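Structural description and commentary
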Amino acid sequence: MIAIARSICLWISASILVAIPILLAVDFGGVYHWSQYLAGIGIMVAVVFALPGLSDSTASSGIRQHAILVPLGLLTAWAWFQTVPLPSGVVSWLSPGSYAAYTTWLDGLVNQTAGQIPISISPEDTIHVASLFTILLPLCFAASIVFHARIRLQMLLSAIAIAGASVAVLGFYRKLDPTADLWIFQPVASSFGGFVNRNNAALMLNLGLAASLGLLSWRMMALHAVELDDPDFEFNDLLALVSDRESFVGLISGTACTAGLLVNGSRGGVVAALFGLMLAFGYVRPRRGLISVPVLLVVLAISVAVLITPMNLNLESVTRWEFFSEDADTLQSDGRLLHWQDGWRAAKAHLPGGAGVSAYAYAYLPHQVVSPSSWFEHADNLWLEMLVETGLIGTMISAWFLTILLIALNRLSYSADPIDQGVRVAGWYAITAIAVSQFFDMGMAIPANLIAALLICTAIITRDMANGGAAAKPPPLTAESYHGHELDDDEAETAKEAESSGPKIRLKTNLSSMGIPHLSSSQWIGASAIAAITIVAGASTLPGLRQDAISDSMLSRLKDEYGDWRLNPTSLEKMETALTERVQTRPSPLVRARLSAVQRDRGRLAETTEWEPKTREQMLDVYQQVDLQNRTLPYPPEPDSIITTEFESQTHYNDSWETCLATLAVCPLAQEPRGSLLRLKPVMTTSGSTTNPNQPSPDAVADVAAKHLLTFYAGDSVRQFALAKDALSRNDFDQATTAFHAALESNANLTTQVMRLLKEHPELSIREVIPNESKAMRLAAAEYLKWDNADPEFFRKAVATIRCGEGDSMQQRAACHAVVGNVYFYLDDLEKGQDYYQRAIRLAPDQARYRIDLIKHLLAKGQQAEALSHARQGRQSLPENPQFQRFIDQIAEAERKALNQPVNEPRIDRSKVDAILNNSR
């Protein structure tokens, strides 16, 4: 009876554990905090039901089966350690980048006193992820018990295979019916199945395919005594599994996952599948010999082609190759390779301790040089992101973790149990797919993928220990093994007899001869202690996860409904009260940012009332004019009646200001608080100092925030342009010059708008604003030629910088040559001016405007003969254009007037002539 109850408990635990990744995969991969909290509860329930397995020899064979908890526990401990305040000197050694964030990057914003600071530059985010890591400890403990037995291990492989297949089916459904309006679907084109990002979905598909191959390998070994990666394997054996009931899940799931990888549009997923199949089928194992070399080269070549070939991301991966596509994104054009350079600089700045788990979005900001867009929340390279966040400590722990897995996988090949061979194949595929795909993604950070991967890893280690671990013995050599090196005659004959006497399997390990005993008292005490530690650790994090879930839910609701509430003072007041309570409970940067926004909007509403509008239309007009981003009214308000008390709006604006500064104190590299400080500057500067007299003046704080944002928004030309206009509005011409220059370096198409502003503000130097970049120089020169008294030095710099060969088309190159020709004519270099216009005419002979402009330039310089020659050529090449004939007539008329005009003879002074004649006598 006890055995039956224990078995029921273990099956319940196994069912809960395998259900968690499936449910999370449907729920956007588990990215929402409520999903994570509920998954944590499910994990703790599963652990409780797994505890009876400690007394079951089929579920527990010693504390070594929990070896996965050692590296995972160390990584979790390091994540928690990163949130602990330490002496600043210690932090400066462990993470110089973090020390700079709390000192250099807060200088001028917050008065910092010498004290203690954490390694993490976003401690609240690190605490949340550390809590998730902690809840994974009981997960792995329970999994190592319930999946120690082979029958529940079959259930695990089937469940993960079904999880991958479910993602594929949901993705197919959305492809077939794009109008489907289910809660699991996102309206973005890059989503797939229940995942917001198709690359994250591809990792789950690969894990599902790994489990499917594991199931098929298990059934192949059990039914035909042939491994899936055996040299004697034939595909006829695989087709024979169709009639096997237990192979049905593997076949269907494997087919669905493969189709999903081809449909969902993830290049990294396809490349990971190629490498995973290569290792799962054993092509890099010693017995394959030299055949592994060409196979590896072919896989590498195909992978490179998949990654760098432009693709159309609409339907199927197979039909996406469009070799001459101009618009498709590739690994070369989507900005990831460029950003990795900035990520590597951030990693070096935070070595050896890292920047804090989940702090990558802030860590790389001070080190941006070539990042092509506004904000990389993730590096799209999990290994680089891990190096930045955890430093060398996390990297070494991860390497240790991988070593444990590879050793266990290698020892599983010695097992005589077919299910172990299935686990081995699944493990090789899964580990390879994860290692390869995460160079281009961060899908392992998604809870659904992370939990599924950990379950597979735990199963590998626990099955290795079930077979004796290090006590397992390698298989005997046969005459055909190990690259075909022949054995001695006696040894070969013995090997053949052993091979013919039993099933055709690679390992002849006898588990009963290994003498695995029941748990001794010391082993049982050790396992019980591990159980107690993991349960206590996991349970202690649940309240924090619940608070994070409440905060996340509140923020999501406010985001969806804030537009309906922002004009209601009562609703805003209640909102501020609730957010203030949240900040006191879990002061995350996102909650603080929303609180600051609510306080700003309360100030705006109060100020609208303080202007005393008489009608509803006047109120709406005032509300628009006091927008902090496009403010047109002065502050403080100037109502008709005299108000002697302090304005209510000033109180709310002060609260928002202080909230921003408080956010920076706990998240020193955050962007949003700095942007809010800039928006609040006009009302804070005119209304007086902040409520904290120890803080720098609002003017000084806003100026420092603006300088920081120029670095943080590197690559975001729109925001840099906005920062430049803001600097112009407060007559900060140095900062405006820097911001305009940075914006044009990111996006040269803004040059025309910048030139208009430069014309309105002559205090700015055009030579300092326009970067030494061909397109920016060309556009600037074209506009500058229209100005009066243009600077010739800028034009000389422009013609030395502009490269017309960089145009995308013949028309663009022709237009570029024409601009350079105009510049040379302005500089009175007629020879080069004509030369560049001739180039433009050759590139676009059907365009009359280049010939016409050249003729006008020549006429203006008095070169009638050259102008007449070009006019005749134009009339001959473009006879339908009457302008060339008019030029010819105009030049001819000018010549006739010159010939018919009487010559003005000089008058003769007769007195001088007579004097000359008299002297000659």
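These figures come from a predicted structure and were not determined experimentally.

What to know about the overall build of the protein chain
Within the protein chain, the secondary structure is distributed over 38 helices and two strands. Expressed as a percentage of the 921 residues in the protein chain, the buried residues total 52%. Excluding contacts between residues fewer than 6 apart, the proportion of contacts in the protein chain whose partners are at least 24 apart in sequence is 74%. Approximately 42700 Å² of the protein chain is accessible, and the part contributed by carbon and sulfur atoms is 57%.

Things to note about the pattern of salt bridges
In this structure the tally under the stated criterion is 21 salt bridges. As a salt-bridge pair, Arg-602 and Glu-576 come within 2.6 Å of each other at their nearest N and O atoms. Residue Arg-602 is located in helix H22 (residues 589–610), and its partner Glu-576 is located in helix H21 (residues 569–585); the two are separated by 26 residues in the primary sequence. Its salt-bridge partner being Glu-893, residue Arg-896 comes within 2.5 Å of it at the nearest N-O pair. Taken as a pair, Arg-896 and Glu-893 lie in helix H37 (residues 883–900) at a separation of three residues, close to a single helical turn. Given a relative accessible area of 44%, Arg-896 falls into the partly exposed group. The partly exposed category is assigned to Glu-893, whose relative accessible area is 34%. One connected set of salt bridges, linked through shared partners, spans Arg-150, Asp-417, Asp-420 and Arg-463.

Some points on helix H10 (residues 248–263)
Taking 1.5 Å per residue as the helical rise, H10 with its 16 residues ought to reach 22 Å, and the 22 Å between its terminal C-alpha atoms agrees with that figure. Considered for burial, the residues of H10 that qualify are Gly-250, Ser-253, Gly-254, Ala-256, Cys-257, Gly-260, Leu-261 and Val-263.

Comments concerning the side chain of Arg-582
When you line up the elements, Arg-582 lands in helix H21. For the buried residue Arg-582, which engages in no salt bridge, the nearest side chain bearing the opposite charge is Asp-548, 6.6 Å off. Residue contacts for Arg-582: discarding those within four places in its chain leaves Gln-547, Ile-550, Ser-551, Met-554, Pro-587 and Val-591.

Some words on a nonpolar patch on the surface
A cluster of nonpolar side chains, contributed by Met-1, Ile-4, Ile-8 and Ile-12, occupies part of the molecular surface with about 440 Å² of accessible area. Looking at the secondary structure, you find Ile-8 in helix H1 (residues 2–26). For Ile-8, a relative accessible area of 46% puts it in the partly exposed group.

Points about the nonpolar core
Generally speaking, soluble globular proteins have nonpolar side chains that are buried together. Counting 186 residues, the largest nonpolar core has Ile-121, Phe-147, Tyr-429, Phe-740 and Ile-770 as the members making the most contacts within it. With 14 residues, the top contributor of residues to this core is helix H6 (residues 123–146). Residue contacts for Ile-121: discarding those within four places in its chain leaves Ser-98, Ala-101, Tyr-102, His-350, Ala-355, Ala-359, Tyr-362, Ala-363, Val-666, Cys-667, Pro-668 and Leu-669.

Examining the packing of aromatic side chains
Under the definition given, this model contains 15 aromatic pairs. For the ring pair Trp-78 and Phe-81, a centre distance of 5.3 Å and an interplane angle of 25° mean the geometry is stacked. Taken together, the residues span about one helical turn, with Trp-78 and Phe-81 both in helix H3 (residues 69–81) at a distance of three residues. Chaining the aromatic ring pairs together yields one cluster made of Tyr-784, Trp-787, Phe-794, Phe-795 and Tyr-826. A cation over an aromatic ring shows up here: Arg-839 above the ring of Tyr-836, its NZ or CZ 4.4 Å from the ring centre.

Structural notes on helix H17 (residues 447–466)
Taking 1.5 Å of rise per residue, 20 residues should cover 28 Å, and H17 covers 28 Å from first to last C-alpha, within 8% of that figure. In terms of burial, H17 is largely enclosed, as 20 of its 20 residues are buried. Phi turns positive, to about 105°, at Gly-468, one or two residues after H17.

Regarding the state of the cysteines
For the structure on display, the rule yields one disulfide. In this model Cys-804 forms its disulfide with Cys-816; the gap between the sulfur atoms is 2.1 Å. Judged by the torsion about the S-S bond (-75°), the Cys-804/Cys-816 disulfide is left-handed. Here Cys-804 is found in the loop between helix H32 (792–801) and helix H33 (810–826), whereas its partner Cys-816 is found in helix H33, with 12 residues between them in sequence. Looking at Cys-804, the relative accessible area reads 8%, which means it is buried. Cys-816 sits in the buried class, given a relative accessible area of 3%.

Overview of the packing of helix H27 (residues 717–729) against helix H28 (residues 733–746)
One can describe the packing of H27 onto H28 by two numbers: an axis separation of 8 Å at closest approach and a directional angle of 160°. Overall, the two elements H27 and H28 adopt an arrangement that is roughly antiparallel. Of the two possible hands of crossing, H27 and H28 adopt the one that is left-handed. Counted together, Ser-717, Gln-720, Phe-721, Leu-723, Ala-724, Lys-725, Ala-727 and Leu-728 of H27 and Phe-733, Gln-735, Ala-736, Ala-739, Phe-740, Ala-742, Ala-743 and Ser-746 of H28 form the full contact between these two elements. Its residues assigned to classes, the contact of H27 with H28 shows 11 nonpolar, four polar and one charged.

Concerning the side chain of Arg-851
Tracing the backbone shows Arg-851 in helix H35 (residues 848–860). Buried charged residue Arg-851 carries no salt bridge. Nearest counter-charge: Asp-846, at 8.3 Å. Once residues lying within four places of it in the same chain are set aside, the contact partners of Arg-851 are Ile-841, Pro-845, Gln-873, Gly-874, Ser-877, Leu-878 and Phe-884.

With respect to the confidence of the model for the protein chain
Per-residue confidence for the protein chain gives a mean pLDDT of 82; residues scoring 70 or more make up 81%. Here helix H19 (residues 511–514) stands out as the element of the protein chain with the lowest mean pLDDT, 39, in contrast to H3, whose mean of 96 is the highest. For residues 284–300, every residue scores under 50 in pLDDT, and the model assigns this stretch 31 contacts once sequence neighbours within four places are set aside. Within the model, pLDDT remains below 50 along residues 311–328, and this stretch shows 38 contacts once partners closer than five positions in the same chain are excluded.

A look at the environment of Ala-347
Looking at the secondary structure, you find Ala-347 in helix H13 (residues 336–350). Among the residues examined, Ala-347 registers a relative accessible area of 0% and is labelled buried. Considered as a pair, Ala-347 and Glu-389 are 42 residues apart in the sequence and their alpha carbons are 7.8 Å apart. Excluding residues that lie within four positions of it along the chain, Ala-347 makes contacts with Leu-387 and Val-388.

Thresholds applied
Residues numbered from 1 in each chain as written. Predicted model: local features only at pLDDT ≥ 70, side-chain atom pairs only at ≥ 80, totals over all residues. Heavy atoms only, no water. Helix = DSSP H or I, 4+ residues; strand = E, 2+ residues; numbered from the N terminus. Buried < 20%, exposed > 50% of the residue type's maximum accessible area, 1.4 Å probe, protein only. Contact = heavy atoms within 4.5 Å. Areas by Shrake-Rupley, 256 points an atom, 1.4 Å probe, with all protein chains shown as cover. Salt bridge = Lys/Arg side-chain N within 4 Å of Asp/Glu carboxyl O. Expected span 1.5 Å × (residues − 1). Lys, Arg positive; Asp, Glu negative; His and termini not counted. Patch = residues over 30% accessible without salt bridge, like charges linked within 9 Å, V, L, I, M, F, W, Y side chains within 5 Å. Core = buried A, V, L, I, M, F, W, Y, C linked by side-chain atoms within 4.5 Å. Phe/Tyr/Trp six-rings, centres within 6.5 Å; stacked < 30°, edge-to-face > 60°. Lys NZ or Arg CZ within 6 Å of the ring centre and 35° of its normal. Disulfide = S-S within 2.5 Å. Axes fitted to C-alpha atoms, helices over the stretch in contact; angles between N-to-C directions. Parallel < 35°, antiparallel > 145°, perpendicular 65-115°, else oblique. Left-handed = near helix turned anticlockwise from the far one by under 90°. Nonpolar A, V, L, I, M, F, W, Y, C, P; charged D, E, K, R; others polar. pLDDT = per-residue confidence, 0-100.

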